[in-house]
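Observations on chain architecture
The lines below spell out each chain.
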Amino acid sequence: MTRLFCLALLIAVSGCQSSGDFSPDGLPGRAVSAAEDVDGLLVGHRLMDAGEYELALRAYYRSIAEQGPTIDALSAIGSANLRLGRLGQAEQMLRRAIEFDPEFVPAINNLGVVMVENRDWGQAAHLFRTAFALDSGRSEEIRENLRLALANLEDSGYTDENNDNFALVRRGDGRFLLLASH
């Protein structure tokens, strides 16, 4: 009797194995791979938070491959390149994002940060002013970025000896804040 019970249990358990031919809602259909159900932007944002900028960049490019170029993806690619120190690529992608939507504040702010890194204080101040106006002055990060750019624009005594006193700090939504470090 025990052997018959074990055999019946083995047959029942083997019948419960999934063949992988079910959709995410449990209905029969095409199986969906894990890569298909994960949003590349979300993965990229999480990788950026973890400091994995190269992996984030790959996730953002995957998002563009799957969904086409969106303002969020272009801006995120620009931000990842900024963190990787690839200023030319960051500038290019952030400018493309701004062409997509000329009022997208995070891209404008981050392009301003690229201009600061390139020591183009006039362009940085212009971009931060634009971001500040579009944001209606609500963002403390943008206000601080604008203040620093204006101070450096007006400071005729600014030299290469004291221009390394800045730190780039990531804030939410792919925005960056440029802080003076003493």
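Remember, predicted model here, so these are calculated numbers, not experimental data.

Tallied over the entire structure, the rule returns 6 salt bridges. Between D135 and R138 there is a salt bridge, with the nearest N and O atoms lying 3.8 Å from each other. Overall, R138 belongs to the exposed group, its relative accessible area being 65%.

Another aspect to go through is unusual backbone geometry. Phi is positive for R119, which is not a glycine, with a value near 60°. Looking at the secondary structure, you find R119 in the loop between α7 (105-117) and α8 (121-134). R119 gets classed as partly exposed once you look at its relative accessible area, which sits at 39%. Unlike most non-glycine residues, S136 shows phi in positive territory, near 60°. Tracing the sequence through the fold places S136 in the loop between α8 and α9 (140-154).

Mapped onto the secondary structure, R95 falls in helix α6 (residues 87-100). Those residues within four positions of R95 in sequence are excluded, and the remaining contacts are L111, M115 and Q123.

On to helix α5 (residues 71-83), then. With 13 residues, α5 ought to run about 18 Å at 1.5 Å a step, and its terminal C-alpha atoms sit 18 Å apart, in line with that. Among the residues of α5, those classed as buried are I71, A73, L74, S75, A76, I77, G78, S79, A80, N81 and L82. Just downstream of α5, G85 is the residue with a positive phi angle, here 80°.

Across the interface, α6 lies against α7 with an axial gap of 9 Å and an inter-helix angle of 150°. One element, α6, and the other, α7, form an angle in the roughly antiparallel class. Here the hand of the crossing between α6 and α7 comes out left-handed. Residues L87, A90, E91, L94, R95, A97 and I98 of α6 lie in contact with α7, whose contacting residues are A107, I108, N110, L111, V114, M115 and E117.

Here the focus is the confidence of the model for the protein. Mean pLDDT over the protein: 79, with 68% of residues reaching 70 or higher. When mean pLDDT is taken per element in the protein, α6 scores highest with 97 and helix α1 (residues 2-15) scores lowest with 39. Low confidence marks residues 1-35, where pLDDT is under 50. Its contacts with residues over four positions away, or in another chain, come to 17 contacts.

Turning our attention to the environment of V113. Note that V113 resides in helix α7. Looking at V113, the relative accessible area reads 0%, which means it is buried. A sequence separation of 22 residues divides V113 from E91, and the C-alpha atoms of the two residues are 9.6 Å apart.

It is worth spelling out the nonpolar core at this point. Counting residues in hydrophobic clusters, the biggest one holds 38 residues, and the most contacted among them are M48, Y60, L111, V114 and F128. Of all the secondary structure elements, the ones that give two or more residues to this core are α3 (40-49), α4 (53-67), α5, α6, α7, α8 and α9. The biggest single contributor to this core is α7, with 8 residues.

α5 packs onto α4 with a crossing angle of 160° between their chain directions and a minimal axis gap of 9 Å. Our classification of the angle between α4 and α5 gives roughly antiparallel. The interaxial crossing formed by α4 with α5 has left-handed handedness. Where α4 approaches α5, its residues Y53, L57, Y60, Y61, S63 and I64 are matched on the opposing element by A73, L74, A76, I77, A80, N81 and R83. Within the contact of α4 with α5, the residues separate by chemical class into 10 nonpolar, 2 polar and 1 charged.

Analysis parameters
Residues numbered from 1 in each chain as written. Predicted model: local features only at pLDDT ≥ 70, side-chain atom pairs only at ≥ 80, totals over all residues. Heavy atoms only, no water. Salt bridge = Lys/Arg side-chain N within 4 Å of Asp/Glu carboxyl O. Buried < 20%, exposed > 50% of the residue type's maximum accessible area, 1.4 Å probe, protein only. Helix = DSSP H or I, 4+ residues; strand = E, 2+ residues; numbered from the N terminus. Contact = heavy atoms within 4.5 Å. Expected span 1.5 Å × (residues − 1). Axes fitted to C-alpha atoms, helices over the stretch in contact; angles between N-to-C directions. Parallel < 35°, antiparallel > 145°, perpendicular 65-115°, else oblique. Left-handed = near helix turned anticlockwise from the far one by under 90°. pLDDT = per-residue confidence, 0-100. Core = buried A, V, L, I, M, F, W, Y, C linked by side-chain atoms within 4.5 Å. Nonpolar A, V, L, I, M, F, W, Y, C, P; charged D, E, K, R; others polar.

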